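# Topology and contacts: notes
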Amino acid sequence: MAGITTHVLDTDRGRPAAGVRIDFSVLDNGQWRLVKSVVTNADGRTDAPILPADKAETGQYQLEFHVEPYFKARSGTSEADIFIDNPVVRFAVFDAKQHYHVPMLCAPSSFTTYRGS
Amino acid sequence: MDHLPDRYVLTRRGLVATGLGAAAAASTGAALAQGTPAPAGAPAKPGTLNTAPVSQAGLSPRLTMHAIDNFHGTPGAGMVCDLAMHDGEGYRLLKTVTTAPSGRTAEPLLVDDAFKAGRYELVMHFEAYFATFGVKLPSPNFLSLVPIRFQIRDAGQRHHLPVLFTPWGYSYYRGS
């Protein structure tokens, strides 16, 4: 299946990060244009693909993960320990027939992303 | 992963290992000239790993970084990085630096009076970095200009920012 999906995991607690807002944007004439905002479900995924297969096209895309409110709302986390700042991942869809799974693994002081499957 | 053999043929490092470095360097250089230009001062090949880890324990408050190339298993030498600070409206460029052979910068990114609490963004030029070494990747690559966003809440503390990267992913954290 083509398109873009994500999965937000709280590697500090070893569980999905639910309720994280994700802003999805596309590079449009040199400017980032917001396409939509979605919120992760109980499994840390979005109910629907970020970019469905029938809308897949090549281009530069951006996912902004609003994890700071998530960490602040989480019990037992000191605000002083939050080092990452709403990570932004910018990536290219270079072949619209392929699928792009872009997970984000986060903790208050670390962030990891990669092309997943 | 069917591009792996090509990748190694194309890297100078691989060619040097088979004794063909001198002849290949010229042709690789010509091929690279058509792609993304190498940043000024970029090394001719991926860095080598011949130093012990560096401890910064006890140093004064500062912001330092370390680029680690998990694709070649070397320090990320010659990586161009743009450091910006959020001024309330957007990120304002403070400086552009290029990592040294150690994958670190010659001077701290910020130190003394320049080291202030705030929201920062370090944009790392991944695509140019891998192009320098002739790594064969899609164009545009999955990752090209990579923003690393972090916060300094207490400028009285030393902050270290390691970034571990490949063409297909990266990781960063508050280091030591």
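Residues numbered from 1 in each chain as written. Chains lettered and ligands numbered in written order. Predicted model: local features only at pLDDT ≥ 70, side-chain atom pairs only at ≥ 80, totals over all residues. Heavy atoms only, no water.

Looking at an unreviewed UniProt entry, chain B carries the name Hydroxyisourate hydrolase, with the source organism given as Methylobacterium longum.

An unreviewed UniProt entry lists chain A under the name 5-hydroxyisourate hydrolase, with Methylobacterium longum as the source organism. Check the Function (unreviewed entry) section of the UniProt entry for chain A; it says "Catalyzes the hydrolysis of 5-hydroxyisourate (HIU) to 2-oxo-4-hydroxy-4-carboxy-5-ureidoimidazoline (OHCU)." (UniProt positions renumbered as here; feature names shortened; annotations may be inferred.)

Our focus in this paragraph is unusual backbone geometry. Here the bond from Ser 139 of chain B into Pro 140 of chain B is cis, since omega is 0°, no more than 30 degrees from zero. Non-glycine residue Asn 29 of chain A carries a positive phi angle of around 55°. Position of Asn 29 of chain A among the secondary structure elements: in the loop between strand 4 (21-28) and strand 5 (31-39). Residue class for Asn 29 of chain A comes out exposed when judged on its relative accessible area of 77%. One non-glycine residue, Asn 86 of chain A, lies in positive phi territory at about 35°. Relative to the elements of secondary structure, Asn 86 of chain A occurs in the loop between helix 1 (67-73) and strand 7 (88-93). (Helix = DSSP H or I, 4+ residues; strand = E, 2+ residues; numbered from the N terminus. Buried < 20%, exposed > 50% of the residue type's maximum accessible area, 1.4 Å probe, protein only.)

Residues and elements named next belong to chain A. The strand order 5-4-6-7 describes an open sheet built from four strands, whose pairing is antiparallel. The outermost strands of the open sheet, each flanked by one partner alone, are strand 5 and strand 7. Each strand of the sheet is rotated relative to its neighbour by a mean of 25°, with strand direction disregarded. (Pairing = 2+ DSSP bridges. Axes fitted to C-alpha atoms, helices over the stretch in contact; angles between N-to-C directions.)

Core analysis: the largest hydrophobic core is formed by 59 residues, its most contacted members being Phe 91 of chain A together with Leu 122, Met 124, Ile 148, Phe 150 and Tyr 170 of chain B. By residue number, the principal contributor to this core is strand 7 (residues 145-152) of chain B, which donates four residues. Not counting residues within four places of it along the chain, the set of residues in contact with Met 124 of chain B comprises Met 65, Ala 67, Met 79, Val 80, Cys 81, Ser 144, Leu 145, Val 146, Ile 148 and Val 163 of chain B. (Core = buried A, V, L, I, M, F, W, Y, C linked by side-chain atoms within 4.5 Å. Contact = heavy atoms within 4.5 Å.)

What follows deals with the interface of chain B and chain A. On the chain A side, the residues contacting the 24 residues of chain B number 26 residues. Counting each side, the surface lost to burial between chain B and chain A is near 2,200 Å², with a carbon and sulfur contribution of 55%. When the area that chain B buries against chain A is broken down by residue, the three leading residues are Phe 142, Arg 149 and Arg 153 of chain B, summing to 31%. Taken together, the links from chain B to chain A amount to three salt bridges. Run the count over chain B and chain A and you get 15 residue pairs in polar contact (both at pLDDT 80 or more). Listing elements by their share of the side of chain B that touches chain A, those giving two or more residues are strand 7, strand 8 (159-166) and strand 9 (169-173) of chain B. Among the elements that take part in the side of chain B that touches chain A, strand 7 of chain B stands out by supplying six residues, more than any other. Of the residues that constitute the side of chain B that touches chain A, the class distribution is 14 nonpolar, six polar and four charged. Of the strand pairs in this sheet, strand 10 (residues 110-114) of chain A and strand 9 of chain B are connected by five bridges, and their pairing is antiparallel. (Buried area = accessible area lost by both parts, 1.4 Å probe. Salt bridge = Lys/Arg side-chain N within 4 Å of Asp/Glu carboxyl O. Polar contact = N/O pair within 3.5 Å; in protein donor to acceptor, adjacent residues only side chain to side chain. Nonpolar A, V, L, I, M, F, W, Y, C, P; charged D, E, K, R; others polar.)

Here we come to the sheet that holds strand 6 (residues 118-125) of chain B. All names here are of chain B. The four strands are arranged 4-3-6-7 in an open sheet whose pairing can be described as antiparallel. Bordering the open sheet on either side are strand 4 (91-98) and strand 7, each of which pairs with just one other strand. Neighbour to neighbour, the strand axes of the sheet diverge by 25° on average, direction disregarded. Relative to strand 6, strand 3 (residues 80-86) is paired through five bridges, and the arrangement is antiparallel.

What follows deals with the pattern of salt bridges. Within this structure, the stated rule accounts for 12 salt bridges over all chains. Taking the shortest distance from any N to any O, the salt bridge between Asp 43 of chain A and Arg 45 of chain A comes out at 2.8 Å. We classify Arg 45 of chain A as partly exposed; its relative accessible area is 36%. Lys 97 of chain A is the partner of Asp 95 of chain A in a salt bridge, and the nearest nitrogen-oxygen pair spans 3.7 Å. If you follow the salt bridges from partner to partner, you end up with Glu 68, Lys 72 and Glu 79 of chain A together with Arg 153 of chain B in one network.

On to the packing of aromatic side chains. How two aromatic rings sit relative to each other is given by the distance of their centres and the angle of their planes. Summed over all chains, the structure comprises 19 aromatic pairs over all chains. Ring geometry for Tyr 70 of chain A against Phe 71 of chain A: centres 5.3 Å apart, planes inclined by 70°, an arrangement best described as edge-to-face. Between Tyr 129 of chain B and Phe 130 of chain B, the ring centres sit 5.0 Å apart and the planes meet at 90°, which makes this aromatic pair edge-to-face. Here Tyr 129 of chain B and Phe 130 of chain B have matching classes, each one buried. (Phe/Tyr/Trp six-rings, centres within 6.5 Å; stacked < 30°, edge-to-face > 60°.)

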